[in-house]
Amino acid sequence: MELSGELSREALTSGEVARHLGAIEERLRAANLEANPNRTRLEQAYCAILSSARIALRVEGYRVTSSRRHHQVALEALADTLGAEAEDIDYFLSLSGERHNDIYDAAPVTDSDVADAIDVATSLAGKLRAWLKARAPDEL
């Protein structure tokens, strides 16, 4: 992805990891808040996943530079950063599509869709924290 111009090298800034981890936790709390509509909960779970992918890239010294595929690039990079399996990445990408359909077509979002997204987002956030503890403990 770096060779294709979709990623560029860029050092972390001070406090960047902590800010992203805080945002991920806020999004997970909003996703779990049953008073929120399903579409809001799905959006928040997806954003927690995307933020996890982006901060893992940042810790590795990269920033997504592709404007057309920035979500896809970040999600696909999870294979190289957090060791995500292909089936997990496929799910993240399908969730991105589901989010897109919700935004542009007001597609229905089921309770099951939300529960699955929250479970996956919570699991990925846990993997990110464990990875950070091993990879960049000073950033926690």
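Note: the structure precedes this text.
A brief structural summary. (Residues numbered from 1 in each chain as written. Predicted model: local features only at pLDDT ≥ 70, side-chain atom pairs only at ≥ 80, totals over all residues. Heavy atoms only, no water.)

Over its 25 residues, helix H6 (residues 111-135) runs 35 Å from end to end, which matches the ideal 36 Å to within 8%, given 1.5 Å per residue. Inspection of H6 places Val-114, Ala-117, Ile-118, Ala-121, Leu-124, Ala-125, Leu-128, Trp-131 and Leu-132 among the buried residues, and these make up the whole buried set. For H6, the secondary structure elements touched by its buried residues are helix H1 (16-32), helix H2 (38-59), helix H4 (78-81) and helix H5 (86-105). (Helix = DSSP H or I, 4+ residues; strand = E, 2+ residues; numbered from the N terminus. Expected span 1.5 Å × (residues − 1). Buried < 20%, exposed > 50% of the residue type's maximum accessible area, 1.4 Å probe, protein only. Contact = heavy atoms within 4.5 Å.)

Turning to the pattern of salt bridges, a few remarks are in order. One pass over the full model with this rule turns up nine salt bridges. Arg-69 is paired through a salt bridge with Glu-6; the nearest N and O atoms lie 2.5 Å apart. Of this pair, Arg-69 sits in the loop between strand S2 (62-64) and helix H3 (70-76) while Glu-6 sits in the segment before strand S1 (7-9); the two residues are 63 residues apart in sequence, bridging distant segments of the chain. A relative accessible area of 24% means that Arg-69 is categorised as partly exposed. By relative accessible area, Glu-6 is classed as buried at 14%. (Salt bridge = Lys/Arg side-chain N within 4 Å of Asp/Glu carboxyl O.)

A separate point is the packing of aromatic side chains. Enumeration according to the criterion identifies one aromatic pair in this entry. Relative to Phe-92, the ring of Tyr-91 lies with its centre 6.5 Å away and its plane at 65°, an arrangement referred to as edge-to-face. Judged by relative accessible area, Tyr-91 falls into the partly exposed class, the value being 24%. (Phe/Tyr/Trp six-rings, centres within 6.5 Å; stacked < 30°, edge-to-face > 60°.)

For the pair H2 and H6, the least separation of the axes is 9 Å and the interaxial angle reads 20°. It follows that H2 is roughly parallel to H6 by the angle criterion. For the element pair H2 and H6, the recorded crossing hand is left-handed. Each residue belonging to the contact of H2 with H6 can be placed in one class, and the counts come to 17 nonpolar, two polar and four charged. (Axes fitted to C-alpha atoms, helices over the stretch in contact; angles between N-to-C directions. Parallel < 35°, antiparallel > 145°, perpendicular 65-115°, else oblique. Left-handed = near helix turned anticlockwise from the far one by under 90°. Nonpolar A, V, L, I, M, F, W, Y, C, P; charged D, E, K, R; others polar.)

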